[in-house]
Amino acid sequence: MPQLDVQAKLAILADAAKYDASCASSGTTKRDSKGGKGVGSTEGMGICHAYAPDGRCISLLKILLTNSCIFDCHYCINRKSSNVRRARFTADEVVRLTLAFYKRNYIEGLFLSSGIIRSSNYTMEQLVEVARALREDHDFRGYIHLKTIPDADPELVRQAGLHADRVSINIELPTAPALKRLAPEKDGARIESAMSEMKASIADARDAGAKYKSAPRFAPAGQSTQMIVGADAASDGDIVARASQLYDRYGLRRVYYSAFSPIPDASAVLPLKRPPLMREHRLYQSDWLMRFYGFTPTDVVAAAGADGMLPLDIDPKLAWALKFRAAFPVDVNRAPKEQLLRVPGLGIKAVERILSSRRWRTLRLDDVARLTLSIGKVRPFICTADWRPTLLTDRADLRALVAPRQQQLELFAA
Ligand code: SF4
């Protein structure tokens, strides 16, 4: 590997980290201020945003320790057979960069992942060393998110949890056959067993923390994972079912979805085209419906088409409502919270406002309009003291009436 200075390494290893979705906000249009016009850019790599356990949005330095790897996962730009420029930070370089950026107020924490060098244990030792040195040698109190290597010694993974706020273990692909085909060196059973061990350690630490003030912290922001979408034939229904299983089994805080993007010198087993970014967005919306709106995976799958794919032109909640019109209209003055949460266009805050307002008065359509963002979207699915759209939900053209207007797509949008 050629000798590179820290800045050159940073350019390579921050760029290489952009493929990890675990704290990224993807899907926006490309903008920059090259040529002296405007301020800012949506294309720069290196700093991403994540939500801290207290709900704050924080900026993280997002880098890989190295983009060299002894594995050859077909979908990964850093795989052994890939022809990319390689770089590697030492643990000390990552520590110094994090502290320097933190002191300049550029970041509030670190997101660190890595390709696998020498062995899983050696790589995990290096990752743990970065977190340990930051916490113990420099008393760093910022946020740390560490990717862990499932094959590494469980004791090393446990040490990661002692220093990091959040740890993540990538499940990579929604089905076992896809993992076997596209990441033959990875072991699905080992990945799940590492998640299970992490869940147990987090629960133990929480119990100890409730009893003893001096109990050590252990991954207080929990564990998360990432699934690649569109690299295999799994439908949205398969992905949603898998995500739900992971939430239930391992108490994950988040499942992140990363739309597969074709990489230079791609392996022949991969699709040539990336899936539409809207697919990733619809999966995040379904995830949100399951976590906060009381939808079950079966509900989400029911909103999908016969091929198991969610519609791209309307959100999954609207798709479900259009399929199950008998559940509407919902009486905003009487319906329980669960039913109100099913109404397209009613978010959690709007439902809370409706529940508290109706304690004092009978709501009319104008009242609901004041409490929601888009009464046009809500109106066909509710009834109020002065509004009952019984015929509207029977209309054959209801989908066209409530679907968002199509926008002209950018010719070169990602
Ligand atoms: S182990 Fe990770 S870094 Fe290495 S090829 Fe597979 S996905 Fe890429």
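As shown above, the structure is provided for reference.
Now for a quick tour of the structure. All values derive from a computational prediction rather than experimental measurement.

1. Structural notes on the overall build of the protein
Looking only at helices and strands, the protein features 15 helices and 9 strands. Expressed as a percentage of contacts within the protein between residues at least 6 apart in sequence, the contacts between residues at least 24 apart total 66%.

2. Points about the side chain of Glu93
The topology assignment puts Glu93 in helix 2 (residues 91-103). When residues no more than four places from it in sequence are discounted, the contact partners of Glu93 are Val6, Lys9 and Arg88.

3. Digging into the environment of Ile117
You can see Ile117 is positioned in the loop between strand 3 (109-113) and helix 3 (120-137). Taking the C-alpha atoms as reference points, Ile117 and Thr66, separated by 51 residues in sequence, lie 8.0 Å from one another.

4. A look at the packing of aromatic side chains
If you walk through the whole model with that rule in mind, you get 8 aromatic pairs. Members of the aromatic cluster, joined through ring pairs, are Phe295, Trp320, Phe324, Phe328 and Phe381. Arg342 extends its terminal NZ or CZ atom over the ring of Phe295, reaching a point 3.9 Å from the ring centre. When the ring centre of Trp387 is taken as reference, the NZ or CZ atom of Arg379 above it lies at 5.5 Å.

5. Re a nonpolar patch on the surface
A surface patch of nonpolar side chains, about 260 Å² in accessible area, is lined by Trp288, Phe292 and Ile348. Looking at the element boundaries, Phe292 is found in helix 8 (residues 277-292). Under the relative-accessibility criterion, Phe292 is labelled partly exposed at 37%.

6. With respect to the pattern of salt bridges
Enumeration according to the criterion identifies 24 salt bridges in this entry. Its salt-bridge partner being Glu192, residue Arg242 comes within 2.7 Å of it at the nearest N-O pair. Of this pair, Arg242 sits in helix 7 (residues 236-250) while Glu192 sits in helix 6 (residues 188-211), placing them 50 residues apart in sequence. In this structure Glu192 comes out as buried when scored by relative accessible area, which is 15%. A salt bridge links Lys377 to Asp315; the shortest N-O distance between them is 2.9 Å. Taken together, the residues span a long stretch of sequence, with Lys377 in helix 14 (residues 375-378) and Asp315 in the loop between helix 9 (297-303) and helix 10 (316-323) at a distance of 62 residues. Overall, Lys377 belongs to the partly exposed group, its relative accessible area being 23%. A relative accessible area of 15% places Asp315 in the buried class. Where salt bridges share partners, they join Glu129, Arg132, Glu136 and Asp137 into one cluster.

7. Points about the pairing of strand 7 (residues 254-259)
Strand 7 sits mainly inside the fold: 6 of its 6 residues count as buried. Neither face of strand 7 is exposed, since Arg254, Tyr256 and Ser258 on one face and Val255, Tyr257 and Ala259 on the opposite face are all buried. In this fold, the crossover linking strand 6 (residues 223-229) to strand 7 by way of helix 7 has right-handed handedness.

8. Describing the site of the ligand
Neighbouring residues of the ligand: Cys69, Phe71, Cys73, Cys76, Arg79, Gly115, Ile116 and Lys186. Across the shell around the ligand, the residue classes break down as 5 nonpolar, 1 polar and 2 charged.

9. Points about the layout of surface pockets
Unfilled space is identified by rolling a water-sized probe across the atoms. Estimates place the volume of the second largest pocket at around 160 Å³. Around the second largest pocket, the lining residues are Ile171, Leu173, Pro174, Thr175, Ala176, Leu179, Lys180, Lys186, Gly188, Ala189, Glu192 and Arg242. Put simply, the parts of the chain that give the lining of the second largest pocket at least two residues each are helix 5 (176-182) and helix 6. Broken down by class, the residue content of the lining of the second largest pocket amounts to 6 nonpolar, 2 polar and 4 charged.

10. Notes on the nonpolar core
Inside soluble globular proteins, nonpolar side chains tend to come together where they are buried. Judged by nonpolar contacts, the single largest core of 113 residues is most densely connected at Ile63, Tyr75, Leu112, Val130, Tyr257, Leu340 and Phe381. In terms of residue count, the dominant contributor to this core is helix 3 (7 residues). If near-sequence neighbours (up to four positions away) are discounted, Tyr75 is found in contact with Glu172, Leu173, Leu182, Ala183, Lys186, Ile228, Phe260, Ile263 and Leu270. By size, the runner-up hydrophobic cluster in this structure holds 7 residues, among which are Cys48, Leu60, Phe111 and Tyr143.

11. Here's the deal with helix 2
The end-to-end C-alpha distance of helix 2 is 18 Å, a good match for the 18 Å that 13 residues give at a rise of 1.5 Å each. When we look at burial in helix 2, the residues that qualify are Ala91, Glu93, Val94, Val95, Leu97, Thr98, Leu99 and Phe101. On the buried face of helix 2, the contacting elements are helix 1 (6-16), strand 2 (57-64), strand 3 and helix 3. Directly beyond the C-terminal end of helix 2, a positive phi value near 70° is found at Asn105.

12. As for the packing of helix 3 against helix 4 (residues 154-163)
Orientation of helix 3 relative to helix 4, taken along the N-to-C sense of each, is 25°, at an axis distance of 9 Å. When the axis of helix 3 is compared with that of helix 4, the two are roughly parallel. The interaxial crossing formed by helix 3 with helix 4 has left-handed handedness. Between helix 3, through Asn121, Met124, Glu125, Val128, Ala131, Arg132, Arg135 and Glu136, and helix 4, the contact on the second element is made entirely by Leu156, Gln159, Ala160 and His163. Residues of the contact of helix 3 with helix 4, tallied by class, amount to 5 nonpolar, 3 polar and 4 charged.

13. A look at helix 4
Residues Leu156, Val157, Ala160, Gly161 and His163 constitute the buried set of helix 4. Looking at the packing, one finds that the buried side of helix 4 touches helix 3, strand 4 (143-147), strand 5 (166-168) and helix 6.

Rules and cut-offs
Residues numbered from 1 in each chain as written. Predicted model: local features only at pLDDT ≥ 70, side-chain atom pairs only at ≥ 80, totals over all residues. Heavy atoms only, no water. Helix = DSSP H or I, 4+ residues; strand = E, 2+ residues; numbered from the N terminus. Contact = heavy atoms within 4.5 Å. Phe/Tyr/Trp six-rings, centres within 6.5 Å; stacked < 30°, edge-to-face > 60°. Lys NZ or Arg CZ within 6 Å of the ring centre and 35° of its normal. Patch = residues over 30% accessible without salt bridge, like charges linked within 9 Å, V, L, I, M, F, W, Y side chains within 5 Å. Areas by Shrake-Rupley, 256 points an atom, 1.4 Å probe, with all protein chains shown as cover. Salt bridge = Lys/Arg side-chain N within 4 Å of Asp/Glu carboxyl O. Buried < 20%, exposed > 50% of the residue type's maximum accessible area, 1.4 Å probe, protein only. Right-handed = clockwise from strand over helix to strand, strands pointing away. Near = heavy atom within 4 Å. Nonpolar A, V, L, I, M, F, W, Y, C, P; charged D, E, K, R; others polar. 1 Å grid on protein atoms, 1.4 Å probe; cavity = no way out; pocket = protein on both sides within 12 Å on 5 of 7 lines; lining within 4 Å. Points joined across faces, edges and corners; volume = space filled by probe spheres on them. Core = buried A, V, L, I, M, F, W, Y, C linked by side-chain atoms within 4.5 Å. Expected span 1.5 Å × (residues − 1). Axes fitted to C-alpha atoms, helices over the stretch in contact; angles between N-to-C directions. Parallel < 35°, antiparallel > 145°, perpendicular 65-115°, else oblique. Left-handed = near helix turned anticlockwise from the far one by under 90°.

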